[in-house]
Amino acid sequence: MRAVCIDFETANGFIGSACSVGIAVLEEGQIVDTNYWLIKPHPRYSYFDPLNVSIHGIKAQDVKDAPEFDFIYGQISPLFDNAYVIAHNASFDMSVLRHVLDLYEIPYPEIDYLCTYKTALKTWSGLDNYKLDTVCRFLNHDFAHHNALEDAIACGNVLLSALSARGVTTIKELAALVGMRLGKLYAGGYNPCSIAKRTSKKA
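Description of the structure in this document. Only a predicted model underlies this, so the values are computations on that prediction, with no experimental measurement involved.

It is worth spelling out the overall build of the protein at this point. Broken down by element type, the protein carries seven helices and nine strands. Taking 17 Å as the expected radius of gyration for a compact globule of 203 residues, we find that the protein reaches 17 Å, a close match to that expectation. Its C-alpha atoms give the protein principal-axis dimensions of about 60 × 40 × 35 Å. The burial tally for the protein puts 48% of its 203 residues in the buried class. For the protein, restricting intrachain contacts to residue pairs at least 6 apart in sequence, the fraction spanning at least 24 positions comes to 63%. Between the mean site of the 18 positive side-chain charges and the mean site of the 22 negative ones, the protein shows a separation of 13 Å.

Spelled out as structure tokens, the structure:
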């Protein structure tokens, strides 16, 4: 099993204003590689909202010499080959990816992805919520929340813990056990990651 855990931070309320990205690569049940990039947001969306800064601590001056996403993507995209992409609250991170690719008119990669938020929700009952820090506290994994690399590694640990808790070794097995349809990104579109709804039978 090869999986690429990804986490983005954004500069402002526009979902495509990526200002950092962290990657953790998993192979055979362990994290084998990590990468982190600061990103200069696209010129149309380069404003750093104080609210966002208060969350992740990245300011405009921190990225003034950083490359824009179109350059960084050349280093990220090969990691997606023959891998599942994993994110905690994947609807956010996959939306960031799609929007920033659209900004630079870069074709979408062909990937399947899984959401560890939804996976955790269906794996461990009784948590106060299923935010990344809450799940990791339950799993006794300490990390610096809202640092993109730390979050990507934490996401990887949630995935590995869920695989272990469910007694399976593959993403497909895990998705089937929690009733999840994997999300898909493909040239020209996407399908969201979703949990199948149970239907009640009438007597």
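Next comes the rest of the write-up.
Glancing now at the sheet that holds strand E2 (residues 18-27). Reading across the sheet, the seven strands line up as E3-E2-E1-E4-E5-E7-E8 and stay open at both edges, with mixed pairing between neighbours. Both outer strands of the open sheet, strand E3 (30-38) and strand E8 (189-191), are each paired with one neighbouring strand and no more. Along the sheet, successive strands turn relative to each other by an average axial angle of 25°, direction set aside. Helix-sheet contacts for helix H3 (residues 90-103) involve strand E1 (2-10), E2, strand E4 (84-87), strand E5 (111-115), strand E7 (183-186) and E8, and the interaxial angle to E1 is about 80°. The strands touched by helix H6 (residues 148-166) are E1, E2, E3, E4 and E5; relative to E2, the strand with the most contacts, the crossing angle is about 35°.

Bringing the side chain of His42 into the picture now. Of note, His42 is situated in the loop between E3 and helix H1 (50-56). Under the relative-accessibility criterion, His42 is labelled buried at 12%. The residues contacting His42, other than those within four sequence positions of it, are Glu68, Leu103 and Tyr104.

On to the pattern of salt bridges. Working definition: two side chains of opposite charge can pair if their charged atoms are close together. Across all of its chains, the model carries three salt bridges by this definition. Residue Arg2 is joined to Glu27 by a salt bridge in which the shortest nitrogen-to-oxygen separation is 2.5 Å. Note that Arg2 is positioned in strand E1 and Glu27 in strand E2, a separation of 25 residues in sequence. Its relative accessible area of 31% is what places Glu27 among the partly exposed residues. With a closest N to O distance of 3.1 Å, Lys64 and Asp65 form a salt bridge. Residues Lys64 and Asp65 agree in their burial class; the two are exposed.

So, on to the environment of Gly57. Turning to its location among the elements, Gly57 is positioned in the loop between H1 and helix H2 (69-76). Judged by relative accessible area, which is 43%, Gly57 ranks as partly exposed. Once the C-alpha coordinates of Gly57 and His146 are considered, the two residues, 89 residues apart in sequence, prove to be 8.6 Å apart. Not counting residues up to four positions away in its chain, the partners in contact with Gly57 are Asn52 and Asp62.

Attention shifts here to the pairing of E3. In this sheet, E3 lies alongside E2 in antiparallel orientation, the contact comprising eight bridges. Looking at E3, one finds that Glu27 is bridged to Gln30.

The next point concerns the packing of aromatic side chains. In this description, an aromatic ring pair is defined by two values, namely the gap between the centres and the angle between the planes. Throughout the structure, instances matching the rule amount to four aromatic pairs. Judged by centre distance (6.2 Å) and plane angle (55°), the rings of Phe8 and Phe69 are tilted. Here Phe8 is found in strand E1, whereas its partner Phe69 is found in helix H2, with 61 residues between them in sequence. Here the two residues Phe8 and Phe69 agree in accessibility, since each one is buried. Aromatic side chains Phe69 and Tyr73 sit 5.6 Å apart centroid to centroid with 35° between the ring planes, which places their arrangement in the tilted category.

What counts and how
Residues numbered from 1 in each chain as written. Predicted model: local features only at pLDDT ≥ 70, side-chain atom pairs only at ≥ 80, totals over all residues. Heavy atoms only, no water. Helix = DSSP H or I, 4+ residues; strand = E, 2+ residues; numbered from the N terminus. Rg over C-alpha atoms; globule rule 2.2 N^0.38 Å. Buried < 20%, exposed > 50% of the residue type's maximum accessible area, 1.4 Å probe, protein only. Contact = heavy atoms within 4.5 Å. Lys, Arg positive; Asp, Glu negative; His and termini not counted. Charge placed at Lys NZ, Arg CZ, Asp CG, Glu CD. Pairing = 2+ DSSP bridges. Axes fitted to C-alpha atoms, helices over the stretch in contact; angles between N-to-C directions. Salt bridge = Lys/Arg side-chain N within 4 Å of Asp/Glu carboxyl O. Phe/Tyr/Trp six-rings, centres within 6.5 Å; stacked < 30°, edge-to-face > 60°.

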